[in-house]
Amino acid sequence: IICEQYSLNSLLRSLIKMISVRAKEKDIKIIINKQKSLPDCLIGDENRIRQILLNILTNAVKYTEKGSVIFNISAYMENDKDIILHFSVVDTGIGIKEEDLPKLFKTFTRLNEKKSHHIEGTGLGLSITYNLLKLMGSELKVKSEWSKGSEFYFDLHQTVSEEQNQSDKDNTEKNNVFVCENAKILIVDDNRVNLKVAVSLLARNKVHVDTALSGDECIELACKNKYNLIFLDYLMPDKDGVETFEELKN
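Residues numbered from 1 in each chain as written. Predicted model: local features only at pLDDT ≥ 70, side-chain atom pairs only at ≥ 80, totals over all residues. Heavy atoms only, no water.

Some thoughts on the packing of helix α2 (residues 46-62) against helix α4 (residues 125-135)
At their nearest, the axes of α2 and α4 sit 10 Å apart, and the two run at 145 degrees to each other. Every pair of crossing elements has a handedness; the one defined by α2 and α4 is left-handed. On α4, the residues that touch Arg48, Gln51, Ile52, Asn55, Ile56 and Asn59 of α2 are Gly125, Leu126, Ile128, Thr129, Leu132 and Leu133. Across the contact of α2 with α4, the residue classes tally to 6 nonpolar, 5 polar and 1 charged. (Axes fitted to C-alpha atoms, helices over the stretch in contact; angles between N-to-C directions. Helix = DSSP H or I, 4+ residues; strand = E, 2+ residues; numbered from the N terminus. Left-handed = near helix turned anticlockwise from the far one by under 90°. Contact = heavy atoms within 4.5 Å. Nonpolar A, V, L, I, M, F, W, Y, C, P; charged D, E, K, R; others polar.)

Here we look at helix α7 (residues 215-224)
Residues three or four positions apart in an α-helix share a direction because the helix packs 3.6 residues into each turn. All buried positions along α7 are accounted for by Gly215, Cys218, Ile219 and Leu221. Buried residues along α7 cover an arc of 165 degrees about the axis, so they all sit on one side. In α7, the exposed residues that point more than 90 degrees away from the buried face are Cys223 and Lys224. Against the buried residues of α7 lie β8 (184-188), β9 (208-212), β10 (229-232) and α8 (241-249). (Buried < 20%, exposed > 50% of the residue type's maximum accessible area, 1.4 Å probe, protein only. Arc of directions from axis to C-beta.)

Section: the confidence of the model for the protein chain
Of the residues in the protein chain, 87% have a pLDDT of 70 or more, and the chain-wide mean is 86. Highest mean pLDDT in the protein chain belongs to β8 (96); lowest belongs to helix α3 (residues 113-116) (51). (pLDDT = per-residue confidence, 0-100.)

As structure tokens, then:
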């Protein structure tokens, strides 16, 4: 766990942007309930917190076929320097049977296999999330009702930074956006949702982005265009990333 200063607002914005693309694909409504006047500049492991929340939010969307996913963010100050953040994700998905709850955080375990066999995943996400929170002195908790939905929630202790206020952080971030309108990038991934997320995240950089859904499509585009950078998925059907890379070199 690497603790550094980060912007809570920037973290939340990036999460909402990423998960909204996935939710839109399934016509699921994302509802954000954020407590007003939360301190923005905190000390903690931003990357791990993003990984934890993204795992929980992605699962909520993945196992919800209709309805909504509600993302709640609140906090209370322990003293002038310490804050307890409360995160909660509530979905209207397939839910979890009471007898399955003890198995929820085991590695390579997927519950309700008959009902969710068509959903991609390895059963590692929640186990990783559970253990990362333990390293941070927290615990992932769950409430669920079979066929009605689930709530995953946790409390996280963070330190409020004294070095910058919210407006300073927002202005710094705004001024430091990297823009390169002449750059040309190719993103290769067999998952259409991943491509949409990547294109959305690169929009503010104003680079020209092409996408490909397979190794063969990647090679075809690379023969026609000169790219400054190619993002190449490692695991793809038919021709994987390694085979595609070798063919590109040749």
